[in-house]
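Structural description and commentary
Residues per chain, in single letters:
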Amino acid sequence: MDFGQFISYIASGTIYTVGVTLIALPSGLLIGTMLALLYVYGGKTAARVMNLYSTIFRGIPPIVLLFILFFAVSKGINLSAFWAGSLSLGMVSSAYQMEIVRGALLSVSGDQLMGARAVGLGRLQAIRYVVLPQAVRLAIPPWSNEAAIVIKDSSLVYALGVPEILRKAQLIGASSQRYLLAYLSAAVIYFLLVFATTKLLNMLEKKLAIPSNP
Amino acid sequence: MPKPILTIKNLTKTYGENVIFQHLDLTVNEGDTIVIIGPSGTGKSTLLRCVNLLTRPNDGQIWLDDMEITAKGTDEDQVRQHIGMVFQNFLLFNHLTALGNVKLGLTRVKKMSDEAATKKAMHELARVGLADRANHYPGQLSGGQQQRVGIARALAMDPRIMLFDEPTSALDPELIGEVLEVMRQLSLDGMTMLVVTHEMGFAREVADRIVFMEKGYIVEEGSPDEMFNHPKFPRTREFLWKITELYGKKEKDAE
């Protein structure tokens, strides 16, 4: 097996790495944003429940949750390793993303909400048209951090046998006995994925920046 | 016969043990400009917030025209459309241009078409002298310009009454004039206005009536002439003397 084949074998796992990330990150964003809105605007009881959710999911190692969902829960609902892994990473991420969105909402809210209500906008309208557009912008930098973490955590699904980058590196490393090359190749691919993602988000942040004089 | 637009009766607001104001009565007639003055912490801003239902009073009633807006089941959003509010810190929407700020209420609350809203918003921006700044974001405008956008945004809703909560207090001295000039013109055009301010020049020149509030009570109210030249209570005289001297000194310093 030549070098090119070796590398492309490992790189072919990228599709699973990207797949897991593209399920975990958006599902975490969707759930995290909804929970953050409930946390900030849903009253005391909702805030308490959301706080509990956040504490629990941030307090468990992602891989433990992965095992619970795949080996215990998925027996009943026939969940594949890929989906069990992606969804449990999404759940963990939703707790972190909830905190990111909550922070952004809180730093916009208050006065901006009052200004909007004074014009006659209802509460939901004020959140939709005034608070959220500004909160999104504030959330991008910390969110880019979370995106990088989810890309890297996607390697955990290797433990369920999903043939993603790390799993492939492990397989070819074992069969060829070239462990260093195998894992270094995996490291480089992960790095490039994270680097490209944070660059893109950085560009998005600049593009969405609200113009102002220095 | 003057027609009351805003009637406040027996209004009380407390935060826990802390009484902000008690048994307050005030009437604002159509076309009147009423200026409320008084030391900090006497409940002037809270009073305006009660009128706009941003804060609920504990007791008493407020009528807008013939409708009691403090009644249970009042649609707050409906009421606020008819009451324009201008804040000390402008509270412009930072992510929208001047035009976008003025348009938002028109398209989302009044459900106007984009075209009609743009036309109306441009008219209001021209009214405050900022038509050429329509596409600037708040961060690109001076404080005075931001506040004028704030006024245009409130005016665009065609309110029955405009509330001003210390509209020039956050501004650099050289920017105060342009805002006061817009307010003076508004008053001349017949807008009904309730203004909390420390600008004594504005109060003396523009107000139909001045209300002096202290420690949650209305100490005295009257025409600018009565208040400045023949105040009934020593406390009114003392406060006006102090504040006129203070601001006169600031103007001198600025020169």
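This one's a predicted model, so the numbers in the text were calculated from it and none came from an experiment. (Residues numbered from 1 in each chain as written. Chains lettered and ligands numbered in written order. Predicted model: local features only at pLDDT ≥ 70, side-chain atom pairs only at ≥ 80, totals over all residues. Heavy atoms only, no water.)

**Focus on the overall build of chain B**
Helices and strands together make up the secondary structure of chain B, namely nine helices and ten strands. Taking 2.2 N^0.38 as the reference for a compact globule, 255 residues should give roughly 18 Å; the C-alpha atoms of chain B span a radius of gyration of 18 Å, in line with that estimate. Dimensions of chain B along its principal axes, counting C-alpha atoms only, are 55 × 55 × 40 Å. By the burial criterion, 54% of the 255 residues in chain B qualify as buried. Pairs at least 24 residues apart make up 66% of the contacts formed inside chain B by residues separated by at least 6 positions. Each charge class in chain B can be summarised by its mean position, and for the 30 positive and 36 negative side chains these summaries are 3 Å apart. (Helix = DSSP H or I, 4+ residues; strand = E, 2+ residues; numbered from the N terminus. Rg over C-alpha atoms; globule rule 2.2 N^0.38 Å. Buried < 20%, exposed > 50% of the residue type's maximum accessible area, 1.4 Å probe, protein only. Contact = heavy atoms within 4.5 Å. Lys, Arg positive; Asp, Glu negative; His and termini not counted. Charge placed at Lys NZ, Arg CZ, Asp CG, Glu CD.)

**A short note on unusual backbone geometry**
Positive phi outside glycine occurs at B:Asn10, with the angle close to 55°. We classify B:Asn10 as partly exposed; its relative accessible area is 34%.

**Thoughts on the interface of chain A and chain B**
Between chain A and chain B, the contact holds 21 residues from the first and 25 residues from the second. Interface area for chain A against chain B, summed over the two sides, is near 2,000 Å², with a carbon-plus-sulfur share of 62%. Counting the contacts that link chain A with chain B gives one salt bridge. Salt-bridge contacts for B:Asp77 lead to A:Arg117; the nearest nitrogen and oxygen are separated by 3.1 Å. Scanning the region where chain A abuts chain B turns up eight residue pairs in polar contact (both at pLDDT 80 or more). When residues of the side of chain A that touches chain B are traced back to their parent elements, those giving at least two are helix H6 (111-119) and helix H7 (123-153) of chain A. Broken down by element, the side of chain A that touches chain B gets its largest block of residues, eight residues, from H6(A). (Buried area = accessible area lost by both parts, 1.4 Å probe. Salt bridge = Lys/Arg side-chain N within 4 Å of Asp/Glu carboxyl O. Polar contact = N/O pair within 3.5 Å; in protein donor to acceptor, adjacent residues only side chain to side chain.)

**Regarding the sheet that holds strand E7 (residues 161-165) of chain B**
Residue and element names in this part refer to chain B. Taking strand neighbours across the sheet as the criterion, the six strands line up as E6-E7-E8-E3-E9-E10 in an open arrangement whose pairing is mixed. Every other strand in the sheet has two partners, leaving strand E6 (83-86) and strand E10 (217-222) as the edge strands with one partner each. With strand direction ignored, the average angle separating the axes of adjacent strands in the sheet is 20°. As defined by bridge partners, strand E3 (residues 33-37) adjoins strand E8 (residues 193-196) across four bridges and the pair is classed as parallel. Following the sheet pairing, Val35 is matched in E8 by Val195. Across the sheet, helix H5 (residues 143-155) lies against E6 and E7, angled at about 170° from E6, the strand it touches most. Sitting on the sheet, helix H6 (residues 173-188) touches E3, E7 and E8, and the angle it makes with E8 is about 150°. (Pairing = 2+ DSSP bridges. Axes fitted to C-alpha atoms, helices over the stretch in contact; angles between N-to-C directions.)

**Some remarks on the confidence of the model for chain B**
Scored by pLDDT, chain B has a mean of 91; 96% of the residues are at 70 or more. For this predicted complex, the interface confidence reaches an ipTM of 0.87, while the overall pTM sits at 0.87. (pLDDT = per-residue confidence, 0-100.)

**Thoughts on the environment of B:Gly222**
Residues and elements named next belong to chain B. Locating Gly222 in the fold gives a position in strand E10. Residue Gly222 is classed as buried on the basis of its relative accessible area, which comes to 5%. In this structure, the C-alpha to C-alpha distance between Gly222 and Phe212, residues ten residues apart in sequence, is 8.8 Å. Excluding its chain neighbours within four sequence positions, the residues that come into contact with Gly222 are Arg209, Ile210 and Met227.

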